[in-house]
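Listed here are the chains, written in short residue letters.
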Amino acid sequence: MNKLLPYPLFVLFSMIAFNVTAFTVILQMDFLIFHATVIKVIAWLLTGGSWNLAYIYRNK
């Protein structure tokens, strides 16, 4: 096992989840062109799914 990076999938999914969360928060504040509620709901579902993947790969 690599001592420097013991959980590579967790690190990868955590970075993706953080970036998706940041995009969703920016989308929620209506800074972008998109103002549709459906797009915001889809973005929040993607955020939840990405954090779920990070949680699943936390200890693998």
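Presented here is an overview of the structure given in this document. (Residues numbered from 1 in each chain as written. Predicted model: local features only at pLDDT ≥ 70, side-chain atom pairs only at ≥ 80, totals over all residues. Heavy atoms only, no water.)

### Quick word on the packing of aromatic side chains
Heads up, the rule is: Pairing of aromatic rings covers Phe, Tyr and Trp, the last through its six-membered ring, and needs centres within 6.5 Å; plane angles under 30 degrees mean stacked, over 60 mean edge-to-face, and all others mean tilted. In DSSP terms, a helix is any run of H or I states spanning at least four residues, a strand is any run of E spanning at least two, and both are numbered starting from the N terminus.
Here the structure, examined in full by the defined rule, presents 1 aromatic pair. When the centroid spacing of 5.1 Å and the interplanar angle of 20° are considered together, the rings of Phe-13 and Tyr-57 count as stacked. Note that Phe-13 is positioned in helix α1 (residues 8-28) and Tyr-57 in the segment after α2 (37-56), a separation of 44 residues in sequence.

### Re the side chain of Thr-24
Selection criterion: Two residues form a contact once any of their heavy atoms are found within 4.5 Å.
Take Thr-24: it is sitting in helix α1. Leave out the neighbours within four places in its chain, and Thr-24 touches Ala-43, Trp-44 and Thr-47.

### Remarks on the pattern of salt bridges
Just so we agree on the cut-off: Whenever Lys or Arg places a side-chain nitrogen within 4 Å of a carboxyl oxygen from Asp or Glu, that contact is recorded as a salt bridge. Burial classes follow relative accessibility: with a 1.4 Å probe on protein chains only, a residue under 20% of its type's maximum area counts as buried, one over 50% as exposed, and anything between as partly exposed.
Here the structure, examined in full by the defined rule, presents 1 salt bridge. Of the charged contacts, one joins Asp-30 and Lys-40 as a salt bridge, the two residues approaching to 2.8 Å between their closest N and O atoms. Residue Asp-30 is located in the loop between α1 and α2, and its partner Lys-40 is located in helix α2; the two are separated by 10 residues in the primary sequence. Classification of Asp-30 as partly exposed rests on a relative accessible area of 34%.

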